[in-house]
Amino acid sequence: MTDELARWAAARGPALRARAEEEAVAVLRDALVAAALDERGSPQAAEQRPEPREPEAEHEPGELLWAYCVLSAESPHPVHQPGVAPAGTVEPIEAAGLTALVSRVPRAEFGEQPLRRNLNDLTWLERVARAHESVLERTLEESTIVPLRLCTLYESDEGVRDMLTREAPALLGALELLAGREEWSVKVLVDPARLAEEARSRSDQVKALEGELAGRGGGGAYMLRRRLERQVREQADSLARELAGQVHAQFEERSLDAVTRQPQNRELSGHEGDMLLNSAYLVERERVSELQDLATRLEQDHRALGARIELSGPWPPYNFVPAGTAAVP
Amino acid sequence: MEGRSLQNRTGNPLPGRPSEATNLADILERVLDKGIVIAGDIQINLLDIELLTIKLRLLIASVDRAREMGINWWESDSSLQSLGSGDGGNGARQLEQENRELRERLERLEHALGVGSESQKGSKK
């Protein structure tokens, strides 16, 4: 008996270990997602993290300048709007015919060390990301802007002016490219149940299998059912692919440039259904209404799939600025 | 200038919606990964921040389902590939790398806990 157990264990051991390992990775992943989401919900949770605080960084005195975006010195921009830190409102710094919008932030929170820690706190990150985005959106209402990535920080006004002067050719080039154009975003979402239903009704193979299945029982029926399920899934996937491709092609046709992104995670975005497309388009302002009409039409065309075509914009043109002149350190 | 405000055609019908209504994933995928990168006086490489990237990759991307369906355009989006890996490669390779890192991490954890053992070494499929 013991021998048998030992043999069994020896034979099954590696497979079991591999499975346990897979499960552990899945658990780890879920735990990370849960932890990240929790932190976002409750600020106290972030406080409780065991990470050691760095007292010397906490007391770093002074201020830094957080930069949001760059626009032509002639373009209007909003004044006195709140920035990423409660203390400093947004202000302009000019050089080389350009304006950088900046706000003063405490070094104790935004210095290199505290910043590294804060970026890992999703509550903090969300607040800062939303504030950054909000400054960009307000400015975009009146002017063409070049959005800067999060965490572009300077020691002094002089540092910002140096940057504007140094980067003027690239910045002016980007502003010229973006003038009169807008970034719009498209998401395609489908209801997986309706997609499967539609796949079922459109496929002759599926119908044939269903016919065969009707007259069967026992083991044969089980195998047939498995084949049927696979067939429906394949058909549904191909429908999804076709829909995403078709929608993207039609938006792209009306745009100057297009970028496709990874579909988003439901837990963060809160969307319902399967996201098939997550893309951005750079479009002439006069053609925006065409995009709106197109979205409405496509959604009607694909009503049977429970499809939603979500068009949003104009976004700060994050996806259509050059990657940058500074190699990320 | 109401008409110029960012609006969601569906989902949120309010024009010029307050920023709290915007999906966080929409904002993070832009502000962290896009936008012009210009040298600042404080040098922070967002992609070097381990916890941040692990979390965000899990949070922003639900790639598997899409790849299953054969949708994988983003794999040729060069700017996206910089997310975590630095110099190109494709999405699948990144995932493999990530998977490998997770496995290694798991092994270290197991080792520290005194579970798991030598068989990890030679027996990768």
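How each quantity is defined
- Residues numbered from 1 in each chain as written.
- Chains lettered and ligands numbered in written order.
- Predicted model: local features only at pLDDT ≥ 70, side-chain atom pairs only at ≥ 80, totals over all residues.
- Heavy atoms only, no water.
- Salt bridge = Lys/Arg side-chain N within 4 Å of Asp/Glu carboxyl O.
- Buried < 20%, exposed > 50% of the residue type's maximum accessible area, 1.4 Å probe, protein only.
- Patch = residues over 30% accessible without salt bridge, like charges linked within 9 Å, V, L, I, M, F, W, Y side chains within 5 Å.
- Areas by Shrake-Rupley, 256 points an atom, 1.4 Å probe, with all protein chains shown as cover.
- Lys, Arg positive; Asp, Glu negative; His and termini not counted.
- Charge placed at Lys NZ, Arg CZ, Asp CG, Glu CD.
- Helix = DSSP H or I, 4+ residues; strand = E, 2+ residues; numbered from the N terminus.
- Polar contact = N/O pair within 3.5 Å; in protein donor to acceptor, adjacent residues only side chain to side chain.
- Axes fitted to C-alpha atoms, helices over the stretch in contact; angles between N-to-C directions.
- Parallel < 35°, antiparallel > 145°, perpendicular 65-115°, else oblique.
- Left-handed = near helix turned anticlockwise from the far one by under 90°.
- Contact = heavy atoms within 4.5 Å.
- Expected span 1.5 Å × (residues − 1).
- Phe/Tyr/Trp six-rings, centres within 6.5 Å; stacked < 30°, edge-to-face > 60°.
- Lys NZ or Arg CZ within 6 Å of the ring centre and 35° of its normal.
- pLDDT = per-residue confidence, 0-100.

Here's the deal with the pattern of salt bridges
Here the idea is simple: oppositely charged side chains can pair when their charged atoms come close.
Residue and element names in this part refer to chain A.
At step 1: Summed over all chains, the structure comprises 20 salt bridges over all chains.
At step 2: With a closest N to O distance of 3.8 Å, Arg303 and Glu299 form a salt bridge.
At step 3: Assessed through its relative accessible area of 48%, Arg303 is described here as partly exposed.

Some words on a positive patch on the surface
Residues and elements named next belong to chain A.
At step 1: Where like charges cluster on the molecular surface, the positive patch consists of Arg226, Arg227, Arg230 and Arg233.
At step 2: Tracing the backbone shows Arg226 in helix 10 (residues 218-253).
At step 3: Taking relative accessible area as the criterion, Arg226 reaches 46% and is therefore assigned partly exposed.

With respect to the side chain of Ser203(A)
Residues and elements named next belong to chain A.
At step 1: Tracing the backbone shows Ser203 in the loop between helix 8 (192-202) and helix 9 (204-214).
At step 2: When its relative accessible area of 3% is taken as the criterion, Ser203 is described as buried.
At step 3: At a separation of 3.3 Å, a polar atom in the side chain of Ser203 contacts the main-chain amide nitrogen of Gln205.
At step 4: Engagement of the side chain of Ser203 in a polar contact is seen with the backbone nitrogen of Val206, the distance being 3.1 Å.

Considering the packing of helix 9 of chain A against helix 10 of chain A
Any two packed helices are characterised by how steeply their axes cross, that is the angle between the axes, and by the distance between the axes.
All names here are of chain A.
At step 1: One way to put it is that helix 9 packs onto helix 10 with a least axis distance of 10 Å and a crossing angle of 165 degrees. Taken together, the axis directions place helix 9 and helix 10 in an arrangement best described as roughly antiparallel. Considering only the axes of helix 9 and helix 10, their crossing is left-handed. Counted together, Gln205, Val206, Leu209, Glu210, Glu212 and Leu213 of helix 9 and Ala221, Leu224, Arg225, Arg227, Leu228, Gln231 and Val232 of helix 10 form the full contact between these two elements.

Points about helix 6 (residues 122-140) of chain A
All names here are of chain A.
At step 1: Between its first and last C-alpha atoms helix 6 spans 26 Å; for 19 residues at 1.5 Å apiece the expected length is 27 Å, and the two agree.
At step 2: Of all the 19 residues making up helix 6, 16 are buried; the element is thus mostly covered by neighbouring parts of the structure.
At step 3: One side-chain oxygen at the N-terminal end of helix 6 lies 3.0 Å from the backbone nitrogen of Thr123; it belongs to Asp121.

Describing the packing of aromatic side chains
At step 1: By the definition in use, this model includes 4 aromatic pairs over all chains.
At step 2: For the ring pair Trp66(A) and Phe110(A), a centre distance of 5.5 Å and an interplane angle of 75 degrees mean the geometry is edge-to-face. Here Trp66(A), found in strand 1 (residues 63-72), pairs with Phe110(A), found in helix 4 (residues 107-110); they are 44 residues apart in sequence, far enough to count as distant.
At step 3: You can call Trp66(A) buried: its relative accessible area is 0%.
At step 4: Among the aromatic residues, those joined into a cluster by ring pairs are Trp66(A), Tyr68(A), Phe110(A) and Trp124(A).
At step 5: One cation-aromatic arrangement involves Arg30(B) over Trp315(A); the distance from NZ or CZ to the ring centre is 3.7 Å.

As for the confidence of the model for chain B
Residues and elements named next belong to chain B.
At step 1: Summary statistics for chain B give a mean pLDDT of 58 and a share of 32% for residues scoring 70 or more.
At step 2: Ignoring residues within four places in sequence, the model shows residues 1-5, a span with pLDDT below 50, making 11 contacts including any to other chains.
At step 3: Of the regions scoring below 50 in pLDDT, residues 77-91 engages in 29 contacts with residues more than four places distant in sequence or in other chains.
At step 4: Listed scores for the predicted complex are pTM 0.69 and ipTM 0.72.

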